[in-house]
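# What the coordinates show
Given next are the chains, with one letter for each unit.
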Amino acid sequence: LSLFRLTMKRLFSTSHSSVDPKEIKKFQLLAHKWWDEEGEYSALHSMNDIRVPFIRDTLLNMSSNYHLGSPLSGVKILDVGCGGGLLSEPLGRLGASVTGIDPLEDNIRTADQHKSFDPVLAKRIQYKSGSLEEIVEESMETFDVIVASEVVEHVADLEMFIKCCSQVLKPEGSLFITTINKTQLSYILGIVVAEKIIGIVPEGTHEWEKFVPPEELERLLESNGFSVKTVNGMLYNPLSGSWSWMESTSVNYAMHAVKSGAQGHTSPTDSLSEMESEQPSATAGTTL
């Protein structure tokens, strides 16, 4: 295992990180504003109305045992780029055990302070300041679910980010991503209208060059041992401030992918190599 750690350290040394320093500076100024529902993050608050049920219902459909009132009880979730905890908290309320990570210490301070008002959440959620690479390096911990909502359009190296997700996700584990497509329409709505005209997003938040088309994200996931299950278009209505699902993925979209169960070489867990020795067939993961 120590050899694995050493290899991971070399692979993900901080000299080559998925964290973009320019992005950190951008969000630093807004760290105290996360829980202002009328403020800069209002669209993320209302996005919970559709992204939380999407995560919950997808997981419930994959599982046969759940507790009423606490449907995600026992599910270990890593919320990558958790910001002030806008998504970590509702997932914690559903019973999940949530680890929220963010490279910006001020975001973690805000998230920690907010969860402390609720003793139940204080127990269920832990926040850490740092990068995904550091989680890979330090913990060897694996999660049932990883959520990266409105994050991949800010990372410095998307393929490396996906590889890191795979490293800390259990075989058959779920990865949920929401992000913005790279289209003319997304430039007009996501940057010109959202940032410059109606100001629902602070100017300079997004760079169109870093937006990710669903086809590209799907290709990267599939080539790194994931199977993409769902791609849904999302629509934001700035007049009502609400989100809804739509057919078209031309602006915002949500994706659910599952890590292959037969991918022993990417998992840091010993239990997987034991499972493989019992089930050497290539379909090991599908027999669960």
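Residues numbered from 1 in each chain as written. Predicted model: local features only at pLDDT ≥ 70, side-chain atom pairs only at ≥ 80, totals over all residues. Heavy atoms only, no water.

Under the annotation held in an unreviewed UniProt entry, the protein carries the name COQ3 protein and is attributed to Aramus guarauna.

Helix and strand counts for the protein stand at 11 helices and eight strands. By residue count, 52% of the 288 residues in the protein fall in the buried class. Counted over contacts in the protein with a minimum sequence separation of 6, partners at least 24 positions apart contribute 71%. (Helix = DSSP H or I, 4+ residues; strand = E, 2+ residues; numbered from the N terminus. Buried < 20%, exposed > 50% of the residue type's maximum accessible area, 1.4 Å probe, protein only. Contact = heavy atoms within 4.5 Å.)

Quick look at a nonpolar patch on the surface now. A contiguous nonpolar patch, built from Leu-185, Tyr-187, Ile-188 and Leu-189 and spanning about 340 Å² of accessible area, is present on the exposed surface. The exposure class of Leu-185 is partly exposed, given its relative accessible area of 39%. (Patch = residues over 30% accessible without salt bridge, like charges linked within 9 Å, V, L, I, M, F, W, Y side chains within 5 Å. Areas by Shrake-Rupley, 256 points an atom, 1.4 Å probe, with all protein chains shown as cover. Salt bridge = Lys/Arg side-chain N within 4 Å of Asp/Glu carboxyl O.)

With that out of the way, let us pick up the nonpolar core. The biggest cluster of nonpolar side chains holds 38 residues, and the ones touching the most others in it are Leu-72, Ile-77, Leu-91 and Val-147. Broken down by secondary-structure element, the contributors of at least two residues to this core are helix 3 (42-62), helix 5 (105-115), strand 3 (125-129), strand 4 (143-149) and strand 6 (226-237). By residue number, the principal contributor to this core is helix 3, which donates eight residues. When neighbours within four sequence positions are excluded, Leu-72 is seen to be in contact with Arg-56, Leu-59, Ile-77, Leu-91, Leu-94, Gly-95 and Ala-96. Of all hydrophobic cores here, the second largest spans 30 residues; its members include Val-136, Cys-165, Phe-226 and Ala-257. (Core = buried A, V, L, I, M, F, W, Y, C linked by side-chain atoms within 4.5 Å.)

All right, on to helix 8 (residues 158-167) then. In terms of burial, helix 8 is a largely internal element, eight of the 10 residues being buried. All buried positions along helix 8 are accounted for by Leu-158, Met-160, Phe-161, Ile-162, Cys-164, Cys-165, Ser-166 and Gln-167. For helix 8, the N-terminal cap is Asp-157; the gap from its side-chain oxygen to the backbone nitrogen of Glu-159 is 3.4 Å. (Polar contact = N/O pair within 3.5 Å; in protein donor to acceptor, adjacent residues only side chain to side chain.)

Moving on to unusual backbone geometry. Note on backbone geometry: most residues besides glycine have negative phi, and most peptide bonds are trans. With phi around 55 degrees, Glu-150 is a residue other than glycine that occupies positive phi space. Among the structural elements, Glu-150 can be located in the loop between strand 4 and helix 8. Overall, the relative accessible area of 14% leaves Glu-150 in the buried class. The phi dihedral of Glu-172 is positive, around 70 degrees, even though this residue is not glycine.

Per-chain confidence: the protein averages 84 in pLDDT, with 84% of residues scoring 70 or above. Here residues 263-288 is a poorly scored stretch, pLDDT under 50, and it has 31 contacts once near neighbours within four places are set aside; other chains count. (pLDDT = per-residue confidence, 0-100.)

This part covers the side chain of Ser-186. Within the element layout of this structure, Ser-186 appears in helix 9 (residues 184-197). Among the residues examined, Ser-186 registers a relative accessible area of 0% and is labelled buried. Of the polar contacts made by the side chain of Ser-186, one reaches the backbone oxygen of Asn-181; its length is 2.7 Å. At 2.9 Å, the side chain of Ser-186 forms a polar contact with the backbone oxygen of Thr-183. Ser-186 has contacts with Ile-180, Asn-181, Ile-191, Trp-208, Phe-211, Ser-250 and Val-251, leaving out every residue within four places of it along the chain.

Turning our eyes to something else, we now look at a negative patch on the surface. Together, Glu-215, Glu-216, Glu-218 and Glu-222 line one region of the surface with negative charge. The residue Glu-216 is located in helix 10 (residues 214-223) in this model. (Lys, Arg positive; Asp, Glu negative; His and termini not counted. Charge placed at Lys NZ, Arg CZ, Asp CG, Glu CD.)

Okay, the pairing of strand 1 (residues 76-80) next. Of all the five residues making up strand 1, four are buried; the element is thus mostly covered by neighbouring parts of the structure. Across five bridges, the pairing between strand 1 and strand 2 (residues 97-102) is parallel. In the sheet register, Ile-77 faces strand 2, and the bridge partner there is Val-98. Handedness of the β-α-β unit built from strand 1, helix 4 (residues 88-93) and strand 2 comes out right-handed. Here strand 1 runs beside strand 4; their pairing, made up of three bridges, is parallel. Looking at the pairing, Asp-79 lines up with Val-147 of strand 4. (Pairing = 2+ DSSP bridges. Right-handed = clockwise from strand over helix to strand, strands pointing away.)

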